[in-house]
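# Close look at the chain arrangement
Next come the chains, spelled out residue by residue.
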Amino acid sequence: MPSVFRRLLFRLGFALAFLPGVAAAHDLEIHGSNTIGATLAPMLMTGFLEQLTGERVSASATGNENEAVLTVVRDGKPLTVLVAAHGTSTGFTSMMANQADTWAASRRITAKEVAAMAARADMTSADSEHVIAIDGLAILVHPSNPVNQLNIETLARIFAGEITNWSALGGPDLPIQVYARDDRSGTWDTFKELVLAGKYTLTGEARRYESNDQLSDDVSLNPAGIGFAGFASVRSSKLLAISDGSAPALKPSELSVATEDYPLSRRLYLYTPGTTGKPLAQAFINYAQSQAGQDIVAQSGFFSQNPFAVDPVQDASVPATFKRLTERYQRLSVNFRFAEGRTKLDNKANRDLLRIQHYLKDTGKTGKDLMLIGFADQQSDELRAQMISELRALSASKALRQLGTQVHGHTGYGHYMPVGSAGGATGAQRNGRVEVWVRR
């Protein structure tokens, strides 16, 4: 076919795809979370397509808000990807209807959704569930607001409309105006789960938003405002530090969010239907999980899963015994957490094992330079907590050994130094962890 004729067909096909009433068939479709789809998914997909084809990617609007089509030429033909960012729940609906190849979710899949997809795939398996980034749910106020920190219980009462004036919190005498994401948003689902926690209902006076960025911009213009958004959408608003239970108040930071110590940290997911999906979708997932993909995650304003080492800030709340234990070490930005029981690593932890191996290779270190410290949620007695924490550290050590990395140092620290409120599923998941430390 002459090259001129081929170019004409390409232009005609591209134009027809966007005519009203003409169905646009895309090679891949990503539906779901606005948190992921607004910036992160397009950036990751652009990097993937450019690596795949060596060609430049162009982006165009569809005419629908919060949608974009990415286009690149592959083997002389157009390859198009639709990113539709209308909220986490819309992504699941699209996947159920076979309209989405990849579902972007800013919260974990629910038991009801797992059951609905069971005939097609186990959506909790490593073949289906992919953590692509860590985000901190940012609590935002106007820059002039003198309030610097809140505990989760107080935060819930504010958003439920029980605390209605900033003066009750040491702030100005102004009626509190609440800003919240809409009901289709995974950011809202996360806030509802972590903050309202089934005990509170969002006030009917709240202003609701589809966009994180717009919510943050409006809070930054209102001295009486308070809202929540993904960390990447802080923009001109002020961040508050948040405490959970007896744990110290933390602001979302590179370390506190990457390790998920920050009480309102959350995982961002891409879901695919097991091994039955398109090979192109799986190739994209592999790219997103790679070091190059995680570098893009960091560039987008979210928190990469590529490990890094930092000198920890150890204030007066840190026991002297723990300071002595870690005095020759730096903290790695990785916490191992568990899928069930006390020793089975979850999907993210199993990916992180490989990332730690890459980190050791890149820095010229070995397993001899690592120390794994296990922690337990509050237990009935100290000995039981110590045993559980040691079992967790041992489990992570064995998993690394099976991959060829021999760890010489692992120990447990019992139920001390919690990062969340004790008890229940949340306490067990957050406090029951293994920290990774690396010799200086």
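Each chain carries its own residue numbering, running from 1 in the written order of its sequence. Reporting in this predicted model follows two pLDDT cut-offs: at least 70 for local features of residues, and 80 or more for side-chain atom pairs to be given and counted; totals over whole chains, interfaces and linings ignore these cut-offs and use all residues. Think of the side-chain values as coming from all heavy atoms in the structure, minus any hydrogens and water.

## Looking at the packing of aromatic side chains
Applied cut-off: Think of it this way: a Phe, Tyr or Trp ring, Trp meaning its six-membered ring, pairs with another when their centres are within 6.5 Å, and the plane angle makes it stacked under 30 degrees, edge-to-face over 60, tilted otherwise. For helices the rule is a DSSP run of H or I covering at least 4 residues; for strands it is a run of E covering at least 2, with both sets numbered from the N terminus onward. Note on exposure labels: buried denotes an accessible area under 20% of the residue type's maximum, exposed denotes more than 50%, and partly exposed covers the range between, all computed with a 1.4 Å probe on protein chains only. A ring is considered to have a charge above it if a Lys NZ or an Arg CZ atom is located within 6 Å of its centre and within 35 degrees of its normal.
Applying the stated rule across the entire model yields 17 aromatic pairs. Arranged with centres 5.7 Å apart and planes meeting at 55 degrees, the rings of Phe159 and Phe228 form a pair that is tilted. With Phe159 in helix H6 (residues 152–159) and Phe228 in strand E10 (residues 225–230), this pair connects stretches of sequence that are 69 residues apart. Residue Phe159 shares its accessibility class with Phe228, and that shared class is buried. On the numbers, 5.4 Å between centres and 20 degrees between planes, the contact of Tyr269 with Tyr271 is stacked. Since its relative accessible area comes to 0%, Tyr271 is described here as buried. Ring-pair connections join several aromatic residues into one group, and the members of that group are Phe322, Phe375, Tyr413, Tyr416 and Trp437. The ring of Phe375 is capped by Arg433, whose NZ or CZ atom sits 3.9 Å from the centre of that ring.

## Topic: the environment of Gly414
Formally: We call two residues in contact whenever any of their non-hydrogen atoms come within 4.5 Å of each other.
Topologically, Gly414 is positioned in the loop between strand E19 (409–412) and helix H15 (424–431). Along the sequence, Gly414 and Leu372 sit 42 residues apart, while their C-alpha atoms lie 13 Å from each other. Excluding its chain neighbours within four sequence positions, the residues that come into contact with Gly414 are Gly374, Phe375, Ala376, Ala385, Gln386 and Ser389.

## Remarks on the sheet that holds strand E18 (residues 370–374)
Selection rule: For two strands to be treated as a pair, DSSP must find no fewer than two bridges joining them. Angles here are taken between N-to-C directions and fall from 0 to 180 degrees, while the axes themselves are lines fitted to C-alpha atoms, restricted in helices to the stretch in contact.
If you walk across this open sheet you meet the five strands as E14-E15-E20-E18-E19, and the pairing is mixed. The open sheet has two edge strands with one neighbour each: strand E14 (309–310) and E19. Its contacts with the sheet put helix H13 (residues 347–363) on E14, strand E15 (329–336), E18 and strand E20 (434–439), and the angle it makes with E15 is roughly 150 degrees. Along the sheet face, helix H14 (residues 382–402) touches E15, E18, E19 and E20 and points at about 155 degrees away from the line of E19.

## A closer look at the packing of helix H10 (residues 279–289) against helix H11 (residues 291–299)
Inclusion rule: Angles are sorted into four bins: roughly parallel if under 35 degrees, roughly antiparallel if over 145, roughly perpendicular if 65 to 115, and oblique for all others.
Axis separation between H10 and H11 bottoms out at 4 Å; the angle between their running directions is 70 degrees. Considering their axes alone, H10 and H11 lie roughly perpendicular with respect to each other. Of the residues in H11, those touching H10 at Tyr287, Ala288 and Gln289 are Gln291, Ala292, Gly293, Gln294 and Ile296.

## Overview of the nonpolar core
To keep it simple, the criterion reads: As used in this record, nonpolar core signifies buried Ala, Val, Leu, Ile, Met, Phe, Trp, Tyr and Cys residues forming a set joined through side-chain atoms within 4.5 Å. Where a domain begins and ends is set by an automatic assignment or by a domain database.
Within the largest apolar cluster, 45 residues are counted, with the highest numbers of intra-cluster contacts made by Ile139, Leu155, Phe159, Phe191, Ile226, Ile242 and Leu264. For this core, the two domains that each supply at least three residues are domain 1 (28–128 + 272–300) and domain 2 (136–258). Apart from the residues lying within four places of it in its own chain, the contact partners of Ile139 are Leu155, Phe191, Ile226, Gly227, Phe228, Lys238, Leu239, Leu240, Ile242, Tyr262 and Leu264. Formed by 29 residues, the second largest nonpolar core is a distinct cluster that contains Ala41, Ile132, Leu268 and Leu270.

## As for the environment of Tyr413
Note the following rule: Side-chain atoms alone can form a polar contact between residues adjacent in sequence; in general such a contact is a pair of N or O atoms within 3.5 Å, and within protein one must be able to donate a hydrogen while the other accepts it.
Along the chain, Tyr413 falls in the loop between E19 and H15. By relative accessible area, Tyr413 is classed as buried at 13%. With 37 residues separating them in the primary sequence, Tyr413 and Ala376 have C-alpha atoms 7.7 Å apart. Contacts of Tyr413, omitting those with residues within four sequence positions, involve Pro319, Thr321, Phe322, Ile373, Gly374, Phe375, Gln386 and Ser389. A polar atom in the side chain of Tyr413 sits 2.5 Å from the side chain of Thr321.

## Description of the domain arrangement of the protein chain
Selection rule: Defined here as a combined quantity, buried area equals the accessible surface (1.4 Å probe) lost by two parts on assembly, summed across both. Put simply, a salt bridge is a Lys or Arg side-chain nitrogen that is within 4 Å of an Asp or Glu carboxyl oxygen. Any residue outside Ala, Val, Leu, Ile, Met, Phe, Trp, Tyr, Cys, Pro, Asp, Glu, Lys and Arg is labelled polar, Gly included; the first ten of those are nonpolar and the last four are charged.
Domain boundaries in the protein chain define domain 1 (28–128 + 272–300), domain 2 (136–258) and domain 3 (307–439). For domain 2 and domain 3, the distance between their C-alpha centres works out to 30 Å. Contacts between the two partners involve eight residues from domain 2 and, on the opposite side, ten residues from domain 3. Roughly 740 Å² of surface becomes buried between domain 2 and domain 3 when both sides are summed, with 64% attributable to carbon and sulfur atoms. Contact with domain 3 buries surface across domain 2, with Asp244, Leu255 and Ala258 losing the most and accounting together for 59% of the total. Summed over the shared surface of domain 2 and domain 3, the result is one salt bridge. Between Arg430 and Asp244 there is a salt bridge, and its shortest N-O distance comes to 3.5 Å. Linking domain 2 with domain 3 are two residue pairs in polar contact (both at pLDDT 80 or more), by the criterion used here. Of the residues in the side of domain 2 that touches domain 3, the class split is four nonpolar, two polar and two charged.

## Description of the packing of helix H3 (residues 40–53) against H10
Remark: H3 packs on H10, axes separated minimally by 10 Å, with the N-to-C direction vectors making an angle of 110 degrees. By the angle between their axes, H3 is roughly perpendicular relative to H10. Only Leu280, Ala283, Phe284, Tyr287 and Ala288 of H10 make contact with H3, whose side of the interface consists of Leu44, Met45, Gly47, Phe48, Gln51 and Leu52. Its residues assigned to classes, the contact of H3 with H10 shows nine nonpolar, two polar and no charged.

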